[in-house]
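Results of the structural survey
One letter stands for each residue in the lines below.
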Amino acid sequence: MRLLVLLGAGALAGLAVSVVLWRGKPLKSPASPHDLALSALAEAPDWSKLNPYQHTITRGDFESLLTTVFTTGEAWRDLIQIDEHEARIRTGLPAPNAIFHLAFSSANTASPTPHGWRATRDLPPFPPGKPLAGLHLAIDPGHIGGTWATMEERRLTLGSNPPVCEGDLTLQVAKLLKPRLEALGAKVTLVRHTSEPLTPLRPENLLTLAKATAPPDSTASPQRLAERLFYRTAEIHARAQFINQSLHPDLVLCLHFNAADWGDPNNPKMVDRSHLHLLVNGAYSDEEILLADQRFALLYKLLQHSHEEEVRVGASVAEAMAAATGLPAFQYPPTSASVRPIPNQPYLWARNLLANRLYQCPVIFLEPYVMNSTTDYTRLLAGDYEGLRQIAGKPQHSIFREYTDGVVTGLSRHYSRNRYSKP
Ligand SMILES: [Zn+2]
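This section reports on the structure supplied with the text. (Residues numbered from 1 in each chain as written. Predicted model: local features only at pLDDT ≥ 70, side-chain atom pairs only at ≥ 80, totals over all residues. Heavy atoms only, no water.)

**Examining the pairing of strand β14 (residues 388–391)**
When β14 meets strand β15 (residues 394–397), the two strands line up antiparallel, connected through four bridges. Each bridged residue has a counterpart across the sheet, and for L388 the counterpart in β15 is H397. Hairpin connection between β14 and β15: a loop of two residues separates the two successive antiparallel strands, and A392 in this loop has a positive phi of roughly 50 degrees. (Pairing = 2+ DSSP bridges. Helix = DSSP H or I, 4+ residues; strand = E, 2+ residues; numbered from the N terminus.)

So this is what it looks like as structure tokens:
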């Protein structure tokens, strides 16, 4: 947030052809220093990447998506001016008053929306029994796990039980999902196959940056801040680079297990509730939209209409996961400024996370179960098995297979119902 990244000449040279200095009716407030600010490890956006979206969206659709999905506050009004025929977007670069002009279409002159991924409706008819044929799915097992799980605060142990590490659990689900989805015709790529990071950076490489960007009121040590930059930020940037530059999938599934605050990881607080929710990209806060890279990412997502695809697929997966797990919908506190509920979808929420912002295609985050709930924890310790076992007084499937079944059923139903089948 406070980071003012110094840009090299190379970054400036790549900037947009249609970024011109603002001349005309001024936006509401003068450029603030925030306009030049970037998130940690973010590159300055290349606004010319929005040029293919000229004349692809109506003013009404643009304004509706911006105000009802992608923002939670009013700060955007100082940065994006919506006129009758165009949106004037403050880019922050190469000069504080630089503006990108995005021309609106009229309702019947809209050009097709270009993007590198295929929406459900763009997929060809599918052969019998293969509703996912032609679909390229990337599965991102959340976190790193293994020896990194303590550092990333995704490991708990109770008594003499073996540790439960979220990054290992998500990898286990990913490995169960891959052959099941392939059997339905999908091409499936795992973003990681082991409990090791993709990024070559390590906390010691990020110590200088951590010190330079430490919030003045931070109680964490520079070492701890560097560790967070490593596993939260650098690792997600590395995964984004792999997904965007090598994989080019049609959809990414980010697998997670949720948890309640557990306090001491070696004596975790256990709870008796469990729940389910799924996340799509949106709900950028006022602080986030002030950062040029996040403002750009918001617009890139909005203009690609990935939100609509995320909600369509996400609704089907949420419904199937709710049926498979029997879990109630998680509720964020009504005062939260960083999420938005998706109308008529009790399990779906919009939230701006680094992964669903950086991955340049529709992304669905899955957050089932609560790792430190008494029942889920017992099921996690039981590991993967076939059939049913008596756990917590009733016969239950392996939690990993139940998770997998929900995802497979939800995807299979969505694509079967929304694609044409070959006769
Ligand atoms: Zn997680």
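**Examining helix α8 (residues 306–325)**
The end-to-end C-alpha separation of α8 is 27 Å, in line with the 28 Å expected for 20 residues at 1.5 Å each. The element α8 is largely enclosed, with a buried count of 15 among its 20 residues. Just downstream of α8 lies G326, where phi reads positive at about 70 degrees. (Expected span 1.5 Å × (residues − 1). Buried < 20%, exposed > 50% of the residue type's maximum accessible area, 1.4 Å probe, protein only.)

**Brief notes about the pattern of salt bridges**
If you walk through the whole model with that rule in mind, you get 15 salt bridges. Of the charged contacts, one joins D83 and R88 as a salt bridge, the two residues approaching to 2.7 Å between their closest N and O atoms. The buried category is assigned to R88, whose relative accessible area is 15%. Here K178 and E182 are joined by a salt bridge, their closest N and O atoms 2.6 Å apart. Placement of both K178 and E182 in helix α3 (residues 166–183) is noted, with a separation of four residues, approximately one turn of the helix. Residue class for K178 comes out partly exposed when judged on its relative accessible area of 24%. (Salt bridge = Lys/Arg side-chain N within 4 Å of Asp/Glu carboxyl O.)

**Comments concerning helix α2 (residues 59–70)**
It helps to recall that an α-helix has 3.6 residues per turn; residues three or four apart then point in one direction. Here α2 contains twelve residues, and its C-alpha end-to-end distance of 15 Å stays within 8% of the 16 Å for a straight helix at 1.5 Å per residue. Looking at α2, one finds that the buried residues are F62, L65, L66, V69 and F70. With its buried residues spanning 115 degrees around the axis, α2 presents them on a single face. (Arc of directions from axis to C-beta.)

**Section: the coordination of the zinc ion**
The coordination sphere of the zinc ion contains the protein donors H143 (NE2), E166 (OE) and H256 (ND1), at a distance range of 2.1 to 2.2 Å. Look at where the donors of the zinc ion fall in the sequence and you get H-x22-E-x89-H. One end of the pair, H143, is in the loop between β5 (136–141) and β6 (155–156); the other, H256, is in the loop between β9 (251–255) and β10 (276–280), with 113 residues separating them in the sequence. A residue is classified by how much of its surface remains accessible, and H143, at 23% relative accessible area, is partly exposed. (Donors = N, O, S within 2.8 Å, 3.2 Å for Na, K, Ca; no water.)

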